[in-house]
Amino acid sequence: MPGTSEGDENLIEVKRLCKSFGPLKAVDDISFSCQPGEVFGLLGENGAGKTTTLRMLATILRPTSGTAIVAGHDLVQSPHMVRRQIGVLSTEPGLYDRLTVREMLRYYGELHDMPLPEISRRSEELIEMLDMKAYADRRTGKLSRGMKQKAAIARALLHDPPVLLLDEPTTGLDVVSARTVVNFIQQLRASGKCIVFSSHIMGEVEKVCDRVGIVHRGRLVACGTLDEVTETGQGELEDIFVRLVGAQE
Amino acid sequence: MNWRHIKLVFRKEMLDTLRDKRTLLGLVILPVLLMPILILGMPALMQSRMDKAGEELTVLAVVGAERGPELVSWLEATGSFTIKDSEQAEQDLADGHVDAVLIIPENWHTALQLEETTVLQVQYDAAREKSGLAAGKLQSALDLFATSIIKERLAARGFDTNFLTPFHRQLENIAPEEKMGSTILSFMLPMIIGIWAALGGMYTAIDVAAGEKERGTLEPLLATPPKRSSLVMGKYLAVVVTSMFSATLSLASLILSMAVAPQALASMGASSDIVFVLPPATLAAFLLASLLLAGLFSAISIVLSVFARSFKEAQVYLSPLSFLLVIPAFLTQFITPAEAPFVLHLLPIANNLLMMKGALLGGLTTPVLLVSVGSSLLYIAIGIVLTIQLFSKEQVLFRT
């Protein structure tokens, strides 16, 4: 099976994950794994099945078949336990417009059953780290797109989860904000997080991912380290991608 | 379900709702301002219109006035009519220059002398309110004139005029003044307070479910540990509290209006002696009925809101909900709880409205109370269970 290795150390172990919406097979038999301190990139076009895969890992959608072990917990059998181990971030920041950044963080902290002093300690830490001091008490509805995405990052990290699921977190951001997000992902990898990162931007993937899986029409058509994937195809990642995806047309 | 999570979600939704300007308008300003306008303004407006119509002189055109000068001067003497000269009476009536036309026939004088029956024709325009009223006034005046002629004739023949009046009617209302007040309140309150209890939380209901979808906040929320049932209960309670807040506020505003100007409402009962009182027990039973109504409507609203894809779609689904209240309201309008068929106490919404009436009229028996409350709680429970199920269905949550 491609992509599964070093069983014990993996924080994420995806096992033959499938998801159908009626007749449509959105995700078709995808398996991969990811270790602490590693960024696994899911690369694919829009509608390839990246978001559905990440939503299943985030326990928001139930797999039609297959499962994944996330930080020792089975996705299908104990989704509640999985939720405590993951932080999610998607293209949409998804903030409550009428709450301030601090209030929003406090709400999510409490949803994660964190004690209040711990919530405010972590919030301040993240506000500092992400340089959000100037607008931490402003309602999120009034913030710019980049500020909102930072607030969403803080929310994903608040309960300090070992696993992060990032679904195209830079889409729609300006260059500076996108770069901030990418740099932050690198920092997180250095601190030992296990990160699944989906994108359709080759440059980003090459910059942050240790290993990649190329998804096309719900299937994993290639999987391995960046070198492995580019070696087999002899060329740049983008060329490989076009050739792999094109071969399926 | 986890009580701590329910409380947490509830608190957040309340904060969110109270910061929403739309809710503030619908929740606080409308009920508080609308009640005094409705209670004080409407009767006053109706009264003033009726007074005005009564005081205003009816403009009358008489065709063949020269044939019955005594009738014309008699009409003028009543002080209710002004006679207008008109060349083309019927046209003037159609154009609204006169309110009614009286046509005195050619044989008027001879018929009176010979004591034969003749015809006085009254033309009016039923499409105009003032003309319709004028026709009524003219008829009463003509009846009086006929009576005066009859009296003259009887007197000429030596009869006593008492001959025509065997008795006078005397009406006496034995209902205590408070009871009259309760009757009037039982007509109005279930509808006006009920509408706030039912629909006061509408925006909150849309916001907490369809709003989460639209803003993209649903995904991060669903990835947090609390069970779906806890999330739903927290949201549901926020909608109920919002509805009740709005209902209670409008009731308070109404009680205040009644205290400030008790005679305004009384004018609707055609007697100024009517007294409006809401003893604590009545108020408590009324509020309990409102709470049950709010509970049911909140559940229905949230179900629809969870199903909707967007804020706008939810608004479309939720706006016909007012009919759900209006139909049972008409159904129970003229029924007192004591006379209501038993099945009405089991019917959702109707049972709550009847309970409100019962509270005001004092006809609420223990079995009726138990049946109404019991059936209401059952419907509410069904609604909540349905919401939790929908909220766990990905086809509903991620409907495209």
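Along each chain, the written sequence defines residue order, and numbers are assigned to residues from 1. Each chain gets a letter, beginning with A, and each ligand a number, beginning with 1, in the order they are written. In view of the model being predicted, local features appear only for residues whose pLDDT reaches at least 70, and side-chain atom pairs are presented and counted only at 80 or more, with totals across whole chains, interfaces and linings using the full set of residues. Side-chain measures here rest on the full set of heavy atoms in the structure, leaving out hydrogens and waters.

K.L.:
Quick rundown of unusual backbone geometry? Include the residues and the values.
P.N.:
Residue and element names in this part refer to chain A. If you check the backbone angles, Asp 29 has positive phi at about 60° while not being a glycine. Counting from the N terminus, the helices are DSSP H or I runs at least four residues long and the strands are E runs at least two residues long. By the secondary structure assignment, Asp 29 is in strand β2 (residues 24-34). If you check the backbone angles, Ala 71 has positive phi at about 50° while not being a glycine. The topology assignment puts Ala 71 in the loop between β4 (65-70) and β5 (73-74).

K.L.:
Outline the interface of chain B and chain A, listing residues and values.
P.N.:
Taken residue by residue, the interface counts 30 residues in chain B and 30 residues in chain A. Together chain B and chain A conceal approximately 2800 Å² of surface at their shared face, both sides included; 53% is due to carbon and sulfur atoms. Buried area, as used here, totals the accessible surface that two parts lose on assembly, with accessibility defined by a 1.4 Å probe and the loss added over both. In terms of surface lost to chain A, no three residues of chain B exceed Arg19(B), Pro225(B) and Glu394(B), which account for 24% of the buried area on that side. Between Asp207(B) and Arg98(A) there is a salt bridge whose closest N-O contact spans 2.5 Å. The contact criterion used throughout is that any non-hydrogen atoms of two residues lie within 4.5 Å. When a carboxyl oxygen of Asp or Glu is within 4 Å of a side-chain nitrogen of Lys or Arg, the pair counts as a salt bridge.

K.L.:
Account for the sheet that holds β4(A), naming residues and giving values.
P.N.:
Residue and element names in this part refer to chain A. Should DSSP find at least two bridges between two strands, the strands are taken to pair. Strand order in the open sheet formed by four strands is β2-β1-β4-β5, with antiparallel pairing between adjacent strands. Because the sheet does not close on itself, it has two edges, and the strands there are β2 and β5. With five bridges joining them, strand β1 (residues 12-21) and β4 adopt antiparallel strand pairing. Following the sheet pairing, Cys 18 is matched in β4 by Ser 65. Inter-axis angles, ranging from 0 to 180 degrees, are taken between N-to-C directions of lines fitted to C-alpha atoms, where helices are fitted over the stretch in contact. Sheet strands in contact with helix α1 (residues 50-57) are β1, β2 and β4, and its direction is about 60° off that of β2.

K.L.:
So what's going on with the pattern of salt bridges? Residues and values would help.
P.N.:
In the structure shown here, the tally under the stated rule is 35 salt bridges over all chains. Among the ionic pairs, Arg84(A) bridges to Asp113(A), the shortest N-O distance being 2.8 Å. In this pair, Arg84(A) sits in the loop between α2 (79-83) and β6 (86-89) while Asp113(A) sits in the loop between α3 (101-111) and α4 (116-129), placing the two residues 29 residues apart along the sequence. The partly exposed category is assigned to Arg84(A), whose relative accessible area is 33%. Whether a residue is buried, partly exposed or exposed follows from its accessible area with a 1.4 Å probe, protein chains only, as a fraction of its type maximum: under 20%, in between, or over 50%, in that order. Under the relative-accessibility criterion, Asp113(A) is labelled partly exposed at 28%. Between Asp20(B) and Arg98(A) there is a salt bridge whose closest N-O contact spans 3.7 Å. Taken together, the residues span two chains, with Asp20(B) in the loop between α1 (3-18) and α2 (21-55) and Arg98(A) in the loop between β6 and α3. With respect to burial, Asp20(B) and Arg98(A) carry one shared label: buried. One salt-bridge network, held together by shared partners, links Arg98(A), Lys12(B), Glu13(B), Asp16(B), Asp20(B), Arg22(B), Asp207(B), Glu212(B), Arg215(B) and Lys235(B).

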